[in-house]
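# Coordinates in review
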Amino acid sequence: MAHSLIASPNTRPGGPNQPNLETDEIWQARVDLAACFRMAATYGMEEGICNHFSAIVPGYDDLFIVNPYGFAFSEMTASMLLVCDFHGNVISGSGTPEATAFYIHARIHKNIPRAKAAFHTHMPYATALSMTEGDPLIFAGQTALKFYGRTAVDRNYNGLALDEGEGDRIASAIGNADIVFMKHHGVMVCGPTIAEAWDDLYYLERACEVQTLALSTGRAVNPVAPEIAQATYRQMRAGDPESARLHLEAIKRTLDRKQPDFRL
């Protein structure tokens, strides 16, 4: 189902204009992103070699880090990740991104500058709700309230994203939201940091799982009153950046015990 990208030759100018990709900050971004791949695989959030996470390279708003085509999330290491520009050039790394990864993520990062990280999966519970009638989230469970007022729905499924036009259309569907349910497809989570994108991805799937279980009882699922939902959302969001940072640190400690090669 995945497609190889026919990449452009590297036309980025040489000499003093070449980006310095060997900084500690950029390496830390690679490590953090690799940790997210590994833990997403542990939780069963990936689908074969078809899903992708990306993050803007610290210090370079026209470059992004993304996973290479042909590898599972469970294989990702910091050094395996690619650095690409918005034109399809691979600036650093071996291989190319998967085609839909490039066309979706490049256009999101270019068109939505606040999206410093963009995580796309076909994780089962969120994807299942993207296939149902109406809006995916009912906002009946406390975890779901983390996303109250932050979601959009891309209702115009148009097949695989194999050109810039489709990437632009998806970026437009996101609008001012942080999470977009892509009908018949999956989800995209955008965040100002890798940690916050990971935190949202994790809790989004948990919220969708609980809602799916509630719906499976056949009994009515009752949403939280809007004024309570809004107040709870504000409570949750007040501490989100620090909670997300600590969440990412926790998964890195977990991986250090069980899969320490993610840092390589």
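It should be noted that the structure appears before, not after, this text.
Residues numbered from 1 in each chain as written. Predicted model: local features only at pLDDT ≥ 70, side-chain atom pairs only at ≥ 80, totals over all residues. Heavy atoms only, no water.

### What to know about the state of the cysteines
In this structure the tally under the stated criterion is 0 disulfides. Cys 36 carries a free sulfur, and the closest cysteine sulfur to it, the one in Cys 190, is 14 Å from it. With relative accessibility at 0%, the residue Cys 36 sits in the buried group. (Disulfide = S-S within 2.5 Å. Buried < 20%, exposed > 50% of the residue type's maximum accessible area, 1.4 Å probe, protein only.)

### Things to note about the nonpolar core
Ranked by internal contacts, the top residues of the largest apolar core, which has 55 residues, are Leu 33, Phe 53, Phe 119, Ile 194, Trp 198 and Leu 204. In terms of residue count, the dominant contributor to this core is helix H1 (residues 24-42) (11 residues). Here Trp 198 is in contact with Cys 36, Met 39, Ala 40, Tyr 43, Met 45, Phe 119, His 247 and Ile 251, once residues within four sequence places are set aside. In terms of nonpolar packing, the next biggest core, distinct from the first, is built from 15 residues, Ile 108, Ala 118, Val 180 and Met 188 among them. (Core = buried A, V, L, I, M, F, W, Y, C linked by side-chain atoms within 4.5 Å. Helix = DSSP H or I, 4+ residues; strand = E, 2+ residues; numbered from the N terminus. Contact = heavy atoms within 4.5 Å.)

### Observations regarding the sheet that holds strand E8 (residues 186-191)
Within a sheet, neighbouring strands are paired by backbone hydrogen bonds and run either parallel or antiparallel to one another. In spatial order, the strands read E4-E3-E2-E1-E5-E8-E7-E6; together these 8 strands make up an open sheet with mixed pairing. Pairing within the sheet leaves two strands with one partner each, and these edge strands are strand E4 (90-92) and strand E6 (151-154). Looking at each pair of strands side by side, their axes are set apart by 25° on average, direction ignored. Here helix H4 (residues 164-174) sits on the sheet in contact with E6, strand E7 (179-182) and E8, set at roughly 145° to E6. (Pairing = 2+ DSSP bridges. Axes fitted to C-alpha atoms, helices over the stretch in contact; angles between N-to-C directions.)

### Some words on the pairing of strand E3 (residues 82-85)
Of the two faces of E3, the one holding Leu 82 and Cys 84 and the one holding Val 83 and Asp 85 are both buried throughout. Direction of pairing for strand E2 (residues 60-66) relative to E3: antiparallel, over a ladder of 4 bridges. Bridging across to E3, Phe 64 finds its partner in Cys 84. The turn linking E3 back onto E4 is made up of 4 residues, and Gly 88 within it adopts a positive phi angle of 95°.

### Things to note about unusual backbone geometry
In most cases, non-glycine residues show a negative phi, while peptide bonds are predominantly trans. The backbone of Phe 139 sits at a positive phi, close to 60°, despite the residue not being glycine. Residue placement: Phe 139 occurs in the loop between helix H3 (124-130) and E6.

### Looking at the environment of Tyr 157
Tracing the chain through its elements places Tyr 157 in the loop between E6 and H4. Through-space distance from the C-alpha of Tyr 157 to that of Met 182 is 7.1 Å; in sequence the pair is 25 residues apart. Contact partners of Tyr 157, with chain neighbours within four places excluded, come to Lys 183, His 184 and His 185.

### Here we look at the packing of H1 against helix H7 (residues 240-258)
The description of two packed helices rests on the angle between their axes and on the distance between the axes. Running from N to C, H1 and H7 point in directions that differ by 75°, and their axes come no closer than 10 Å. Taken together, the axes of H1 and H7 lie roughly perpendicular to each other. On the side of H1, the interface is formed by Gln 28, Val 31, Asp 32, Ala 35, Cys 36, Arg 38 and Met 39, while H7 contributes Leu 248, Ile 251, Lys 252, Thr 254 and Leu 255. Considered class by class, the residues forming the contact of H1 with H7 number 7 nonpolar, 2 polar and 3 charged. (Parallel < 35°, antiparallel > 145°, perpendicular 65-115°, else oblique. Nonpolar A, V, L, I, M, F, W, Y, C, P; charged D, E, K, R; others polar.)

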